[in-house]
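Observations on chain architecture
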Amino acid sequence: MKKMIESVLRFRYVILTLFIVLAISGGVLQQNVEVNDNMLDYLPNDVEGVAGKNILDEAFTDSHESESFYLLVSDTNELELSNIVNALSDLEEVVSTDLEDSHGNDYLLNITLSPEYGEYESFSQNISNILEEYNVWGGVFSNTTSVPDDGNSGMIVMLFIALAILILVFTKSYFDVVVILSSLGVAIMINMGSNIIFGEISSVSASAAVLIQLAVSIDYTLFIINNYKLRREQGDEVDKAIKTSVTMSFKPVLAGAITTIAGFVALMFMQLEVGLDLGLVLSKGIFISLITALVLVPVLIKICNKAMDKTTHKPLLPSFKVFGKITGKSVSIVVAVGFTIIVGLASIGRNEVDYVYGETTANEYEQYYIENFSIDNTIVLVFENDGSIDLRNFVAGVDNESDLEGVVIINKELALQQSISKTADGVLDCITLGSFDNPECIQFQAFAGLLNTPIDKPTLMGMIQSNSAVMTNLTEKANELFVGTSNGVTYEILIIKLNDPENLQVSDDIFNQIESLRTISHNEFGDDAWITGDSVMVYDLKQINEIDYPVVSIISVIAVGLVILIAFKSLLIPLILLTMIQGAIWINLASSYVFAEQLIFMGAIIVGSIQLGASIDYSILLSEKYEYYRFEGKLCKKEAVIKAVEESSHSIITSGLALTVGGYIMFFTQTGTIQQMGMLLGRGAFISLIVSLVVAPHILYIFDKLLKKEHHLKKHKQWLTLRWKRKVDYYMNWILASMYIIWI
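Residues numbered from 1 in each chain as written. Predicted model: local features only at pLDDT ≥ 70, side-chain atom pairs only at ≥ 80, totals over all residues. Heavy atoms only, no water.

This structure, assessed with the given rule, holds 1 disulfide. Disulfide partner of Cys-430: Cys-441, at an S-S distance of 2.0 Å. Looking down the S-S bond of the Cys-430 and Cys-441 bridge, the torsion is -100 degrees, so its handedness is left-handed. Taken together, the residues span a long stretch of sequence, with Cys-430 in helix H15 (residues 412-433) and Cys-441 in the loop between H15 and helix H16 (457-466) at a distance of 11 residues. With a relative accessible area of 2%, Cys-441 lands in the buried category. (Disulfide = S-S within 2.5 Å. Helix = DSSP H or I, 4+ residues; strand = E, 2+ residues; numbered from the N terminus. Buried < 20%, exposed > 50% of the residue type's maximum accessible area, 1.4 Å probe, protein only.)

This is the structure:
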C-alpha cells in the first residue's frame, strides 16, 4: 500500500490532470444522459399489463400510438378558449384539440399528438409560448421521458453548502472544506457522466444518487484527512503522514465501501427494474468515491498541505468525550429493554402504514381536476380471436360480479353504433350551420342533400345505416380500432370503463375491479388474454412491490451480514449490528404511521436497503473500537465502551448528519416519490445515528461475555473443534431466539 501511495505522490500532477479531465468529461456526458420519470416503464415485460401493452403496440400500430394529455384552462372566456384551441391546432405535432369538460369558466382540453411529435423539450417550448398569457395547468404525458429537472441543480448547491458548514465544524482547517468537497465533486461528476453507458437512468437515480454518494462517501475522505492530521501532530513529515494515513484508513474505508455496496446490490434483485438501475448507479458511485478517496485525496493533501496548515483553526465543537461519559453512567439493561420495546411496537406500526403506489399528494391542478371534472378511467382487454370467441359469456360474467357494478364494456359493435350516432350529430350540426362546405362538414358531403330538410336523429341514423358507402367506411374504422394482427395472430380488444366516480384513477376499489376483470377474462379466454392500461400498470406495480419488499430486505441483510462476518470473523457482531439497524429501519417506517403519513411503497423498499447499507458503517466503526480496546487494550468492558464511544462519535455524527441533512434537502427541493425518499432517508439516517451512539454501546456491553468467549475461540484457533462448537451452538441458539423475538 505504501509503495502505491509513493507512486501516486510521485505522479501527483499527472493524476490530478487525469481526474480533472474525467470530471469535465463527466459533466459534459451527463447532459446526454436521458432521465425517465415514468416508473411504469420499469415494470418487467412478463407482467400482464406490460405484455398487453406490447401486443397493442405491435398489432394496433396505426391506431394506438398517439400521445395525449390534458390541459386545464382556468378563469377564461369562450373567445380566449377558441384562440387557445386554434393556436394548438395549428401546431404540426397536434392531431386534435377536444373540449373534454367544463366547470364555470374553467375548461378541460384533451390534446392528441401525432406519433412524430418530436422531442419533448422542443414541443414543450412551442406549447409554452402559446399558453404563457393564459392561466393553464397540466401537460402530463402518458409516457414521459424528460431531461433532468432543474430542481436537481438547486438541491446539489444546497447540499454542498450544508456539507461545507458541516466539514468546517468537524475539521480543524478551513481549507479542508476545499479539499474534501473537491474530491467529492470530482467523484460525483465522474459517476453521473459514466451513466452514459446506460443511455437512460430513472429520475430516482438522477436525484438520489448525488445525495447518497455525497453523504455516504464523505466519511472516506474525512477518515484519511483526520488520520493525516493526527500523524502530523505526532511529528511526521508530509509524505510519511500521507502514506501512513492512507495505510491506516485503507481497511475501514474499504470495509465501509463494500458494506454499503452490499446494501445497494440488494436493490438489483427487485423485479421492478428501477431497482437494478438505482443499484448500479449507487454501487458505481461508491466504487468511484472509494478510488477517488484513495488516489485523488492523497494528491490534494500533498499539493494543498501548506494551505491546510496555514488555515488551521481551533476546534469549533467541544470534546466528544461527553458521549463516552454519558454512556458510562447509563444503565445498559434499561437502554436495551427500552430499545427492544420500541422496536417491537415499530414492527407492529410499520404494518399499519398507509402505503400507496403512486404520488401521495395531488397538486393544485390535480386536486381541482379531481373535485370538478369527470374523466373516464379506461383500460383495455386484448385477446386472441380466431373467429370462434363468443363475448357474451364474458359480458355476463362482468354483469354478475358485484365488484364490477357500473363498469362499461365497449366492443367493436357498440363502437360502430357510437360512430353512427356521432356521425348523425355531425350531420345535424352542419344542417344547423346551413353549409357542408366548411372543413368540419366536408366529411359529411354524402348528406348535403338534407340541407333544407327537417329531420330527427333516429331517422338520420337509419339513413346512415342504409348508406353502404358510409357504413363501409365506419365499419373499417371500427375494425382498425378493435381488430389487429401481429406475427400472423389476430387480436381483438374490448375497451372497459371502470367505475371511478371519484376520479381517483388508482384506489383499492379500482384494484379490486381490475383483479375481478382479470379473473373473468382468464376463465373465458385462458392465458391468451391481457388487460392493460395506466391503472392496470399501477396495480401490477403494487403486486411487484409486495414481492420485492421481502426479497430486497432479506438479500440486503444477508449481503451486509456476510461482509461483516468476513471482516470481523464473528457470528455475534453481524447479528447484533443487523438487528439494531433493522430496528432503526422499522422505527423509521413506523414513524410514518405515528405521523399519519402516506408512504409510497416503492420508496419504502429502496430507502430501507439504502439505510441499511449506508448506516451500518456507524455501528461497525463503534464495534471495531470496542473490540480493540476490550481485547487488545485489555480494558474492562465499561472503559472499553466509553473509549469506543469517545473515538467513534466524531465520524458517526459527521456521516450521520451528512445523510440526514442531505435527505431533508432532497425533501424540501423535490416532489412526489423523490421528495418522500428524501424525508425517509433524512429521518432514517438520524434514527440510525441515535441507535449507533446510544443503543449499540449498551448492547455490546450486555453481550460482552459472549464476545469475549468468541474472541478467545478465534485467538486460539479452536473455532471448529467439537468442544467449542457445542458451546458456540448453545450461545448462538440463545441469541438467535432473542433476536427472533425482537424481529417478530
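This brings us to a negative patch on the surface. Residues Asp-354, Asp-403, Glu-502, Asp-508 and Asp-509 make up a contiguous surface patch of negative charge. Residue classification places Asp-354 among the partly exposed residues on the basis of a relative accessible area of 41%. (Patch = residues over 30% accessible without salt bridge, like charges linked within 9 Å, V, L, I, M, F, W, Y side chains within 5 Å. Areas by Shrake-Rupley, 256 points an atom, 1.4 Å probe, with all protein chains shown as cover. Salt bridge = Lys/Arg side-chain N within 4 Å of Asp/Glu carboxyl O. Lys, Arg positive; Asp, Glu negative; His and termini not counted. Charge placed at Lys NZ, Arg CZ, Asp CG, Glu CD.)

Further remarks concern the packing of aromatic side chains. Taken as a whole and judged by the stated rule, the model has 9 aromatic pairs. Residues Phe-511 and Tyr-539 carry aromatic rings whose centres are separated by 5.6 Å and whose planes lie at 50 degrees to one another, so their mutual orientation is tilted. Here Phe-511 is found in helix H18 (residues 508-525), whereas its partner Tyr-539 is found in helix H19 (residues 534-568), with 28 residues between them in sequence. Residue Tyr-539 is classed as buried on the basis of its relative accessible area, which comes to 6%. Measuring from ring centre to ring centre gives 5.0 Å for Phe-667 and Phe-668, while their planes differ by 70 degrees; the resulting arrangement is edge-to-face. For Phe-667, a relative accessible area of 25% corresponds to the partly exposed category. Cluster of aromatic residues (ring-pair linked, three or more members): Tyr-355, Tyr-549 and Phe-601. (Phe/Tyr/Trp six-rings, centres within 6.5 Å; stacked < 30°, edge-to-face > 60°.)

This next bit is on the pairing of strand S12 (residues 489-498). Pairing analysis gives 8 bridges linking strand S9 (residues 377-384) to S12, with the strands arranged antiparallel. Directly across from Glu-384, in S12, lies its bridge partner Tyr-491. Across 3 bridges, strand S10 (residues 408-410) lies against S12 in antiparallel orientation. Along S12, the bridge assignment pairs Ile-410 with Ile-495. Strand direction decides the pairing type here: strand S11 (residues 483-486) and S12, joined by 4 bridges, are antiparallel. Bridge pairing links Thr-485 to Thr-490 in S12. Where S11 folds back on S12, the antiparallel hairpin that results is connected by 2 residues, among which Asn-487 adopts a positive phi of roughly 55 degrees. (Pairing = 2+ DSSP bridges.)

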